[in-house]
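Secondary and tertiary structure notes
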Amino acid sequence: MLFNSTDFLVFFALFYAAYAVVRRHLAARNGLLLLASYVFYGWWDYRFTALLLTTSLMDFTFARAIDGPASAGRRRALVAASVTLNLTVLGLFKYLNFFQEGVAAVLAACGREPHWRPWAIILPVGVSFYTFQSISYVVDVYRRQMPACRNLPAFLAYVAFFPQLVAGPIERGRHLLPQFTRPLVITRAGLESGLWLILWGLFKKVAVADHLAPLVDLVFRPATTTGPAVILGTVAFALQIYGDFSGYTDVARGVAQCLGFELLLNFNLPYCATSLRDFWNRWHISLSTWIRDYLYFPLGGSRRGTGRTYLNLAVTMVLCGLWHGAAFNFVLWGAWHAVGLMANHYWRERWAARWRVPAGMGWLLTTGFVLYGWLLFRAQSLEQIIALTGALANWTPPTWWRPFTGNLLVLGLPLVAMQCWQWRTGRLDAPLTLGRWPRALLQGALLVVLIAYWTAEASPFIYFQF
Amino acid sequence: MRSHEYQLRTRDWAAVFAPTLLVALLILVAVRALHTTHHLPAPPPALDPETTLFHHQARAARQRDPATIVLVGDSTALMGVDARQLSDELPGQPSALNLSLIVGLDLPTYGGILHTFATTHPGQVHCAVLLVGPQKAALGGHSTDEIEAWREIDAAAAAGRDARAGGADWLGRAWLRDNLLAHLLNTPLRLNGAENFGFASELDRHLTEHRGSLVDFGTFALPRQRQRLPFTLAPGLEPESREFRALVPPGVRLCVGLTPGARSAGAPGDRERRDAVLRAWGEWLRAERLLTNLPATVPDAEFGASGHLNSRGRAHLTHELARELAPFGPSVGAASPPTP
């Protein structure tokens, strides 16, 4: 079920009414949340609810065993088994096709035909998100950073919590799980914030990202293009993916707030970053901190010398790229950011003390670097990456540059204006500081635009495929 | 254990939701009022290339225009003749307008748009040029859906309204989207032609600037299965041709031709076969002139990606057409025409 669908509006209205009914019973609330979350997930393909349930039960059991009076070796073996099983499920559904194609390509290069018929495996929506969430829970229990959950319905509801199930934020057990085991409070401030986040998030998706998509398609397709077209298309994609993904996160956080829950912040003005390190502290924060805590630090982080630090950065960022999907362009995107972070690290170690880069220059360099990264991310093949990169040398503007730029300005303006406002006030909830009627004017206008562009066939969020 | 607690009173719920809903309601009511009082702006040209073309040509047939030569036909005429170049190359530079449409429509539709222009500009048109591709002549046929789409747009243009300006649901979503917000956002083209123009507004602008003519920007690619050019005449075209003729206003001279095919698909004797087709068709149409001096085939390099002529091929065919029409004199059609 998509947030930007009428199905979801009906679903949420019914659910919210039932949620009010169960307010006196914690167990009933968790039961209702669990049922609703499985309905929400099963709406897409009910068969994969079995997968979700199986992995959740598996991690619940492993965590209980790890938290028990087992020896250190046994605990280590249990956590390794849990992580391996989770990654196997992820690998099977997400990377087997990629692996099969790779092997077939290698065989073809050797002049041989593969003797098997490749399996056509459907990627379950959100599998990367809930797998990482489960892994973090088991590892946190292993590290004694939290006790294992002993309330099965609460744990199942935590893993399947519908606002963030399919595209995050990737919640940590120690942040979200306790909210399933204690009473929550729904306040007027929470509702106001929730309503704002839902409206703004849907606006970013339905009005901005979905209208940027055809502009991006105009550039990223197998046809000859030119430098200005590539730049315009890449800027459009940067805004599209931000509008799409941060829009999803906003709706998720807003829906959760209406229920009394608090989800992690996932975006913090990412395009205001003045260094690549800063960018990764602001973009998809729940993934970048996950990778830092469960991959980069265990590999040694920056504590084992310069060479090892660079190696760790390379490994984590390439895997971060691969997390997005089994395709070479994601690997390249990860590698590109790894190179950028290495350069960033080198600069900080060797030069930053002597030569301070002005913030404007830092922003320009970071934005340019991130934009080329988005080109790698959006491209559909290596050939296209080469063609688009080569096109940057041709400065002939496309015939349609005027309407394209016009659309880009109209669609980008709300995002840029909001970021400027949030930046200047230092508050991500800046609109909530408005008086009742100015805020109503803003929210009413957003609602009208949503009404205009609401369609029966909602377009999926980009990050659903990951 | 208690699950959750609502620390809100009824008036808090109202304070959270009511102002936003009220503002939205007022905006929707205002839009409805604008529609009722006919103060909503008309929707800009939008949608796919085909519909944008239909909107443009339906509008162009009714606008004040000095054209004395009107071209009609399928997309091979739309993209095969440059109306501005044709004017420039003819003696006296009479104004030409390309009102060609697409292959999926029938001859009476081509005749209809000519008739509309001629009745909107009484006594102005001296010469009508009907051009179609060899495939259209050989196969005839048309798409009912496309004819229906054209009729709807044409009827709306005749009534001075936009085909999409009518219905909207109870929220007035279509008015918001098409009449208001569409003016802020250009509509990107999604089908064929998107790579050339990008946006419906650009396609519309190109059509206006080029007097209704289009061009294929691509490069010719040989089809996998090469077929010989079908220089035959579909019997089903006979009633359509007579209907077309009935729509040509008195005093307008009708010139008829076939656009060329790719040389790689040609065969010896193509020109003779093409001329035979033209003679038979000219009889059905009671054409004043058959354009037999147009090339039956042109080099592949003069074709674009979509199977239409590219800019070089279009310049070539337009030049040949100008030579064919030149004997009509400074005011094409005014002088005594040669007989077929």
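Here the structure is a predicted model, which is why all the values come from computation and not from measurement.

Thoughts on the overall build of chain A
Of the regular secondary structure elements, chain A holds 18 helices and one strand. By the compact-globule yardstick of 23 Å for 466 residues, chain A fits well, its C-alpha radius of gyration being 23 Å. For the C-alpha atoms alone, the extent of chain A along its principal axes is close to 65 × 65 × 55 Å. Looking at chain A as a whole, 43% of its 466 residues are labelled buried. Sequence separation of at least 24 residues holds for 76% of the intrachain contacts in chain A that already meet a minimum separation of 6.

Looking at the overall build of chain B
In terms of regular secondary structure, chain B is built from 13 helices and eight strands. Buried positions account for 48% of the 340 residues belonging to chain B. Taking as baseline every contact in chain B between residues at least 6 positions apart, the subset at least 24 positions apart corresponds to 81%.

Focus on helix H2 (residues 49–60) of chain B
Residue and element names in this part refer to chain B. A rise of 1.5 Å per residue sets the reference length of H2, with its twelve residues, at 16 Å; its end C-alpha atoms lie 16 Å apart and thus fit the reference within 8%. Among the residues of H2, those classed as buried are Thr52, Leu53, Phe54, His55, His56, Gln57, Ala58 and Ala60. Residues of H2 that are buried make contact with strand E3 (96–98), helix H5 (107–120), helix H7 (144–158) and helix H10 (200–209).

What to know about the environment of His4(B)
Position of His4(B) relative to the elements: it lies in strand E1 (residues 4–7). The contacts of His4(B), once residues within four sequence positions are left out, are Arg23(A), Arg29(A), Pro183(A), Leu184(A), Val185(A), Ile186(A) and Gly260(A).

Some points on the pairing of strand E5 (residues 253–258) of chain B
Residue and element names in this part refer to chain B. Of all six residues in E5, six are buried, a share of seventy percent or more. Burial of E5 is two-sided: the residues Arg253, Cys255 and Gly257 facing one way and the residues Leu254, Val256 and Leu258 facing the other way are all buried. Note that strand E4 (residues 127–132) and E5 share six bridges and pair parallel. Within the sheet, the bridge partner assigned to Cys127 lies in E5 and is Arg253.

Structural notes on the interface of chain A and chain B
Taken together, the 41 residues of chain A in the interface contact 34 residues of chain B. Of all the secondary structure elements, the ones that give two or more residues to the side of chain A that touches chain B are helix H2 (26–42), strand E1 (184–187), helix H9 (188–219), helix H17 (401–425) and helix H18 (436–453) of chain A. Here the residues of the side of chain A that touches chain B are counted per class, giving 26 nonpolar, nine polar and six charged. The sheet contact formed by E1(A) and E1(B) spans four bridges and is parallel. Bridged to Ile186(A) within E1(B) is Tyr6(B).

Comments concerning the sheet that holds E5(B)
All names here are of chain B. Strand order in the open sheet formed by five strands is E3-E2-E4-E5-E7, and the pairing between neighbours is parallel. Either end of the sheet is taken by a strand with one partner, and the two such strands are E3 and strand E7 (289–290). Strands in contact with H5 are strand E2 (69–73) and E4; relative to E2, the strand with the most contacts, it is inclined by about 160°.

Comments concerning the domain arrangement of chain A
All names here are of chain A. Split by domain assignment, chain A resolves into domain 1 (6–183) and domain 2 (189–453). Summarising the inter-unit geometry, the C-alpha centres of domain 1 and domain 2 are found 26 Å apart. At the interface, 20 residues of domain 1 touch 18 residues of domain 2. Listing elements by their share of the side of domain 1 that touches domain 2, those giving two or more residues are helix H1 (6–21), helix H5 (96–109) and helix H6 (127–142). Of the residues forming the side of domain 1 that touches domain 2, the biggest block, five residues, is contributed by H6. Across the side of domain 1 that touches domain 2, the residue classes tally to eleven nonpolar, seven polar and two charged.

Digging into the nonpolar core
Across soluble globular proteins, nonpolar side chains show a tendency to be buried alongside one another. Ranked by size, the top nonpolar core spans 209 residues in total, and within it Val70(B), Leu114(B) and Ala128(B) carry the most contacts. Residue assignment places this core across two domains, with domain 1 (6–183) and domain 2 (189–453) of chain A each supplying three or more. When sequence neighbours within four positions are dropped, the list of residues in contact with Leu114(B) reads Val70(B), Val72(B), Leu99(B), Ala128(B), Leu247(B) and Val248(B).

Some thoughts on unusual backbone geometry
Residue and element names in this part refer to chain A. With phi around 60°, Arg144 is a residue other than glycine that occupies positive phi space. Inspection of the secondary structure puts Arg144 in the loop between H6 and helix H7 (152–160). Of note, the phi angle at His284 is positive, near 45°, even though the residue is not glycine. Topologically, His284 is positioned in the loop between helix H11 (276–280) and helix H12 (285–296).

Details of helix H3 (residues 48–66) of chain A
Helix length check: H3(A), at 19 residues, gives a terminal C-alpha distance of 27 Å against a target of 27 Å (1.5 Å per residue), a fit within 8%. Among the structural elements, H2, helix H4 (72–94), H6 and H7 of chain A are those in contact with the buried residues of H3(A).

Considerations on the packing of helix H10 (residues 227–258) of chain A against H17(A)
All names here are of chain A. At their nearest, the axes of H10 and H17 sit 11 Å apart, and the two run at 25° to each other. Taken as axis vectors, H10 and H17 run roughly parallel relative to one another. Note on packing geometry: the crossing formed by H10 with H17 is left-handed. Taken together, the residues of H17 that come into contact with H10 (itself represented by Pro228, Leu232, Val235, Ala236, Leu239, Tyr242 and Gly243) are Trp401, Phe404, Thr405, Leu408, Leu411, Gly412 and Leu415.

Observations regarding the environment of Val141(A)
Residue and element names in this part refer to chain A. Mapped onto the fold, Val141 is located in helix H6. Taking C-alpha positions, Val141 is 26 Å from His324, a pair spaced 183 residues apart along the chain. Sequence-distant contacts of Val141, defined by excluding residues within four places in its chain, comprise Ala63, Ile66, Asp67, Met146 and Ala148.

Comments concerning the packing of H10(A) against helix H15 (residues 359–378) of chain A
Residue and element names in this part refer to chain A. Between H10 and H15, the least distance of the axes is 9 Å, while the angle of their chain directions is 80°. With respect to their mutual orientation, H10 and H15 come out roughly perpendicular. Between H10 and H15, the contacting residues are Thr234, Val235, Phe237, Ala238 and Ile241 on the first element and Leu371, Trp374, Leu375 and Arg378 on the second.

Reading guide: rules and limits
- Residues numbered from 1 in each chain as written.
- Chains lettered and ligands numbered in written order.
- Predicted model: local features only at pLDDT ≥ 70, side-chain atom pairs only at ≥ 80, totals over all residues.
- Helix = DSSP H or I, 4+ residues; strand = E, 2+ residues; numbered from the N terminus.
- Rg over C-alpha atoms; globule rule 2.2 N^0.38 Å.
- Buried ≥ 20, exposed ≤ 12 C-beta atoms within 10 Å, placed from the backbone.
- Contact = placed C-beta atoms within 7 Å.
- Expected span 1.5 Å × (residues − 1).
- Pairing = 2+ DSSP bridges.
- Nonpolar A, V, L, I, M, F, W, Y, C, P; charged D, E, K, R; others polar.
- Axes fitted to C-alpha atoms, helices over the stretch in contact; angles between N-to-C directions.
- Domains from an automatic or database assignment.
- Core = buried A, V, L, I, M, F, W, Y, C linked by C-beta atoms within 7 Å.
- Parallel < 35°, antiparallel > 145°, perpendicular 65-115°, else oblique.
- Left-handed = near helix turned anticlockwise from the far one by under 90°.

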